[in-house]
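Structure assessment
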Amino acid sequence: MEGILRKLQKEATGNKYKAIKDHCAMAIEVLETPEGVTKILPYQLREKCLFPLQLALESKNTKLAQHALAGMQKLLADDRFVSVETDSDERQLLNQMLNAVKVTPSLHEDLQVEVMKVLLCITYTSTFDLNGSSVLKIAELCIETYVSSCHQRSINTAVRATLSQMLSDLTLQLRQKQDSPNTEIQEALLEFRSQESGPSVESLCDDVVSVLTVLCDKLQAVVNENHPLQLLYLECILSMLSSSSPALNVHKGFMDLIWKQLCPALVVILGNPVHDKTITSAHNNICVDSDCHSTGVADQGRGSACSSTAPALSGPVARTIYYIAAELVRLMGSVESMRPVLQSLYH
């Protein structure tokens, strides 16, 4: 860490970057004083080292920003900065890091890609608590960055990969607990070792459902637009569903979310077959349009007609919805009460 700060201090020449130079010197002094690191709390040490890195990232100087991001990577790998956290929210590693990189949406795309790597590294630090709240905080910055630069292929790919990995990790954590044998017995034993027990199956279920709920809310907000965010939210939802266990179907919140929000949103995006001008009846080959019966294809019976063209939406969006539909059958197909809504989606 000291080496990165020295490089940054050397590069920060001129009055314009005086604050960066001065704060680097202060951080180096604390790190190199033997009693300094032992007397200062980890959150205070992070604060002192992150501030010059934040200033460098916000400086609009590419070289300084690159040093800053390298420093953030070093900080996450250094035991002096990563500790078991009992601090208030603003003093925790995740929130300090997110504050340091809040300028990301306005950075150059190459730097944005590097920030995405840093965000993913945070989730792999030994003390990071992978829960719904922390995942949503990181996701919010990813989405803001995506909105600002979605026309750039590199950041488009980086944001999608970061979100997919993080959301998959959250649901896989739950799946491993749900699918392991004697889960209840294991949890009862672990209650006596609370420092090792980690989150319970129930709290993990709640976290997964809370994140999915936010994603479904965001999807519904862009459901009638051909917006780049539509595909991003669909892919996020697919990442979570494909990593989930069928055991999740006993969670009432999950079931409610699927039939009340997700499936109706997917139906809207796909379009209503009754109003589709290309629907042709298998019985009489007459196109169903505004002059035909108001009941559309229903007068021939469900499934008796088909469209001669693909739905009027982009290929990637359609493909993602089809994958989601398949995952919903895997997860919810055995639940009798869920079949009508799944049939409506498939119809």
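Reading the values: the criteria
- Every chain begins its residue count from 1, and numbering advances along the sequence as written.
- Only residues with pLDDT of at least 70 are given local features in this predicted model, and only at 80 or more are side-chain atom pairs given and counted; all residues enter the totals for whole chains, interfaces and linings.
- Based on all heavy atoms of the structure, the side-chain values leave hydrogens and waters out of the count.
- We call a set of buried Ala, Val, Leu, Ile, Met, Phe, Trp, Tyr and Cys residues a nonpolar core when their side-chain atoms join them within 4.5 Å.
- When accessible area is computed with a 1.4 Å probe and restricted to protein chains, residues below 20% of their type maximum are described as buried, those above 50% as exposed, and intermediate ones as partly exposed.
- Pairs of residues are marked as contacts when any of their non-hydrogen atoms sit within 4.5 Å.
- Should a side-chain nitrogen of Lys or Arg be within 4 Å of a carboxyl oxygen of Asp or Glu, the pair is scored as a salt bridge.
- The helix and strand labels rest on DSSP assignments: H or I over at least four residues marks a helix, E over at least two residues marks a strand, and numbering proceeds from the N terminus.
- Between N-to-C directions, angles cover 0 to 180 degrees, with each direction set by a line fitted to C-alpha atoms, over the stretch in contact for helices.
- In this scheme, roughly parallel covers angles under 35 degrees and roughly antiparallel covers those over 145, while 65 to 115 is roughly perpendicular and the rest are oblique.
- When the near helix sits turned anticlockwise from the far one by under a right angle, the crossing is termed left-handed; a clockwise turn instead gives a right-handed crossing.
- Any pair of nitrogen or oxygen atoms within 3.5 Å is treated as a polar contact; in protein, a donor-acceptor pairing is required on top of that, and neighbouring residues in sequence qualify only through side-chain atoms on both sides.
- All residues other than Ala, Val, Leu, Ile, Met, Phe, Trp, Tyr, Cys, Pro, Asp, Glu, Lys and Arg, Gly among them, are scored as polar; the first ten of these are nonpolar and the last four charged.
- pLDDT is a per-residue confidence score from the predictor, ranging from 0 to 100.
- Under the convention used throughout, the expected extent of a helix is 1.5 Å for every residue step, that is, one less than its residue count.

**Considerations on the nonpolar core**
Soluble globular proteins tend to bury their nonpolar side chains together. Formed by 105 residues in total, the largest nonpolar core has its most connected members in M72, L119, L163, L262 and L328. Those residues in contact with L262 that lie beyond four places of it in its chain are C216, L219, I237, L241, L257, I324 and L328.

**Looking at the pattern of salt bridges**
The full count for this structure, using the stated rule, is 11 salt bridges. Linking K117 and E114 is a salt bridge whose minimum nitrogen-to-oxygen distance equals 3.1 Å. One end of the pair, K117, and the other, E114, are both in helix α7 (residues 109–123), 3 residues apart, so they sit about a helical turn from each other. Linking R160 and E235 is a salt bridge whose minimum nitrogen-to-oxygen distance equals 2.7 Å.

**As for the packing of helix α15 (residues 315–332) against helix α16 (residues 339–346)**
Viewed as axis vectors pointing N to C, α15 and α16 meet at an angle of 165°, and their least axial separation amounts to 11 Å. Here α15 lies roughly antiparallel to α16, going by the angle between them. Once α15 is placed against α16, the crossing between them reads as left-handed. Of the residues in α16, those touching α15 at A325, A326, L328, V329 and M332 are L342, L345 and Y346.

**Structural notes on the side chain of T171**
Relative to the assigned elements, T171 resides in helix α9 (residues 153–179). On the basis of relative accessible area, T171 is assigned to the buried category, the value being 2%. Within the structure, the side chain of T171 is placed 3.1 Å from the backbone oxygen of L167, a separation counted as a polar contact. If near-sequence neighbours (up to four positions away) are discounted, T171 is found in contact with V208, S239, M240, S243 and S244.

**So, the side chain of Q96**
The topology assignment puts Q96 in helix α6 (residues 93–100). On the basis of relative accessibility, which here comes to 8%, the residue Q96 falls in the buried class.

**A word on the packing of α7 against helix α8 (residues 132–149)**
Look at α7 against α8: their axes get within 11 Å of each other, and the N-to-C directions meet at 165°. Taken together, the axes of α7 and α8 are roughly antiparallel relative to one another. You can see that α7 and α8 cross each other, and the crossing is left-handed. Here Q112, M116, L119 and T123 of α7 lie close against α8, whose contacting residues are I138, L141, C142, T145, S148 and S149. Taken together, the residues of the contact of α7 with α8 sort by class into 5 nonpolar, 5 polar and no charged.

**Remarks on the confidence of the model for the protein chain**
Taken as a whole, the protein chain shows an average pLDDT of 85; of its residues, 81% reach a score of 70 or greater. Note on residues 185–197: pLDDT is under 50 here. Beyond four places in sequence and across chains, it has 7 contacts. Below pLDDT 50 for its whole length, residues 286–300 participates in 23 contacts with residues either more than four positions away or in separate chains.

**Let's talk about α8**
Across its 18 residues, α8 extends 26 Å between first and last C-alpha, which sits within 8% of the 26 Å expected from 1.5 Å per residue. Listing the buried residues of α8 in full gives G132, S134, V135, I138, A139, L141, C142, I143, T145, Y146 and S149. Contacts from the buried residues of α8 go to α6, α7, α9, α12 (201–221) and α13 (228–242). One side-chain oxygen at the N-terminal end of α8 lies 3.1 Å from the backbone nitrogen of S133; it belongs to N131.

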